[in-house]
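As a plain string of letters, each chain reads:
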Amino acid sequence: ELASEPADTDEFLVSDAGTLKRIDYSLIKGITGLGHSSVYMTSDTAISGTSHIQPSEGMGIYNAGVAGTGIVTDTTDGNIQLDKTGFYLVIFQVTGNNTSGEDEFNPYIATYDGSSESNRGYGYVNVKSSGAPDSFTTTIHAIVDVSNTSSVKFRMKYAGASNITLYGTGQSVTSMTFIRLGDT
């Protein structure tokens, strides 16, 4: 009887057409502790220039997993930190409108290590305030290896905005979602 999950190096015996073989548990175990978490804007925010969304602009956290499964633990200074290493599908959804003229806006996913950024996924939006459409939704995806939770933090970045208001309603209208796919 097993009272707890076996260690990765524990071996099992399997029969392969009558031949007994040993196999490490790490080769047959499934994905456990799948984390799912989102950071979202809680209110509409006018943006301009190049920066990243800050907690002062209204950030909420929604965790569908439990601690230790890849959930968001911190958003200090707009640096989003996860609680477990692994490969993550990162989805950045941006919804907003143009308040005047024509604007080109570039939302992107960036990681931050405490001193420098790396772009992981990049989008492009061109909107006009007159005629259709003056509002937009765009979605950017990236698969990122979070090899260290202290040095791989995420930012909801944007560049080139001058007349853009991002929508935030307390739901995933403008949000970054993290789905843990597996170990690094």
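Since this is a predicted model, take the numbers as computed values, not measurements.

## Examining the overall build of the protein
Part 1 of the argument: Across its full length, the protein carries zero helices and 14 strands.
Part 2 of the argument: The C-alpha radius of gyration of the protein comes to 21 Å, more than 25% above the 16 Å expected for a compact globule of 184 residues.
Part 3 of the argument: Each principal axis of the C-alpha distribution contributes one length, and for the protein these read about 75 × 35 × 30 Å.
Part 4 of the argument: Within the protein, buried positions represent 42% of all 184 residues.
Part 5 of the argument: Contacts in the protein between residues far apart in sequence, at least 24 positions, make up 69% of those at least 6 positions apart.
Part 6 of the argument: Of the roughly 9300 Å² that the protein leaves accessible, carbon and sulfur atoms contribute 47%.
Part 7 of the argument: In the protein, the 10 positive side-chain charges and the 20 negative ones have mean positions that sit 4 Å from each other.

## Let's talk about the pairing of strand β9 (residues 102-112)
Part 1 of the argument: Within β9, nine of the 11 residues are buried, which leaves it mostly tucked inside the rest of the structure.
Part 2 of the argument: Inspection of the sheet shows β9 paired to strand β11 (residues 125-128) by four bridges, in the antiparallel sense. Following the sheet pairing, E104 is matched in β11 by N126.
Part 3 of the argument: In terms of strand pairing, β9 meets strand β10 (residues 117-122) through five bridges, oriented antiparallel.

## Points about the pattern of salt bridges
Part 1 of the argument: For the structure on display, the rule yields five salt bridges.
Part 2 of the argument: Across the salt bridge formed by R180 and D183, the nearest N and O atoms sit 2.5 Å from each other.
Part 3 of the argument: What you see here is one network of salt bridges that share partners, running through E117, R155 and K157.

## A look at the confidence of the model for the protein
Part 1 of the argument: Averaged over every residue, the pLDDT of the protein is 83; the share at 70 or more is 91%.
Part 2 of the argument: Looking at the elements of the protein, mean pLDDT is at its lowest for strand β4 (residues 45-52), recorded as 78, and at its highest for β10, recorded as 94.

## With respect to the side chain of D103
Part 1 of the argument: With respect to the element layout, D103 can be found in strand β9.
Part 2 of the argument: With relative accessibility at 4%, the residue D103 sits in the buried group.
Part 3 of the argument: In this structure the side chain of D103 is engaged in a polar contact, spanning 2.8 Å, whose partner is the backbone nitrogen of N163.
Part 4 of the argument: In contact with D103, not counting residues within four places along its chain, are N98, V125, N126, V127, G160, A161, S162, N163 and I164.

## A short note on a nonpolar patch on the surface
Part 1 of the argument: A surface patch of nonpolar side chains, about 270 Å² in accessible area, is lined by F87, I143 and L181.
Part 2 of the argument: In this structure F87 comes out as partly exposed when scored by relative accessible area, which is 33%.

## Notes on the packing of aromatic side chains
Part 1 of the argument: This model, assessed by the stated rule, comprises four aromatic pairs.
Part 2 of the argument: Each ring, one from F105 and one from F136, has its centre 5.7 Å from the other, and the planes form 50°; the classification is tilted. With F105 in strand β9 and F136 in strand β12 (residues 135-146), this residue pair connects regions lying 31 residues apart in the sequence.
Part 3 of the argument: Seen in terms of ring centroids, Y108 and Y122 are 5.3 Å apart; in terms of plane orientation they differ by 40°. Their pairing is tilted. Placement of Y108 in strand β9 and of Y122 in strand β10 is noted, with a sequence separation of 14 residues between them.
Part 4 of the argument: Here R155 stacks its cationic end above the ring of Y112, 3.7 Å away from the centre of that ring.

## A short note on the environment of N119
Part 1 of the argument: Mapped onto the fold, N119 is located in strand β10.
Part 2 of the argument: Each C-alpha atom of the pair N119 and N79 lies 14 Å from the other, and the pair is 40 residues apart in sequence.
Part 3 of the argument: Here N119 is in contact with Y108, I109 and A110, once residues within four sequence places are set aside.

Conventions we followed
- Sequence order as written defines the numbering, with residues in each chain counted from 1.
- Reporting of local features is limited, given that this is a predicted model, to residues whose pLDDT is at least 70; pairs of side-chain atoms are given and counted only at 80 or more, and all residues count toward the totals for whole chains, interfaces and linings.
- Side-chain numbers come from the whole structure's heavy atoms, not from hydrogens or water.
- In this description a helix means any DSSP run of H or I spanning at least four residues, a strand means any run of E spanning at least two, and both kinds are numbered starting from the N terminus.
- With C-alpha atoms as the basis for the radius of gyration, the globule rule is written as 2.2 Å multiplied by the number of residues raised to the power 0.38.
- Here's how the labels work: a residue is buried when its accessible area is under 20% of the maximum for its type, exposed when over 50%, partly exposed in between, all with a 1.4 Å probe on protein chains only.
- Contacts were defined at the residue level, with two residues in contact if any of their heavy atoms lie within 4.5 Å.
- The accessible surface values rely on the Shrake-Rupley method and a 1.4 Å probe; as for residues, cover is taken only from the protein chains in view.
- Positive charges are assigned to Lys and Arg, negative charges to Asp and Glu, while His and the chain termini are left out of the count.
- The location of each charge is read from NZ of Lys, CZ of Arg, CG of Asp or CD of Glu.
- Only strands that DSSP links by at least two bridges are regarded as paired with each other.
- We define a salt bridge as a contact between a side-chain nitrogen of Lys or Arg and a carboxyl oxygen of Asp or Glu at a distance within 4 Å.
- Scored from 0 to 100, pLDDT reflects the predictor's confidence in each residue.
- Two N or O atoms form a polar contact when they lie within 3.5 Å of each other; inside protein one atom must be a possible hydrogen donor and the other a possible acceptor, and for residues adjacent in sequence the pair counts only when both atoms belong to side chains.
- The patch calculation keeps residues exceeding 30% relative accessible area without a salt bridge and links them within 9 Å when they carry like charges or within 5 Å when they are nonpolar (Val, Leu, Ile, Met, Phe, Trp, Tyr).
- Two rings from Phe, Tyr or Trp (for Trp, the six-membered ring) form a pair when their centres are within 6.5 Å of each other. A pair whose planes differ by under 30 degrees is stacked, one over 60 is edge-to-face, and the rest are tilted.
- Definition used: whenever NZ (Lys) or CZ (Arg) falls within 6 Å of the ring centre and also within 35 degrees of the ring normal, the charge is taken to sit over that ring.

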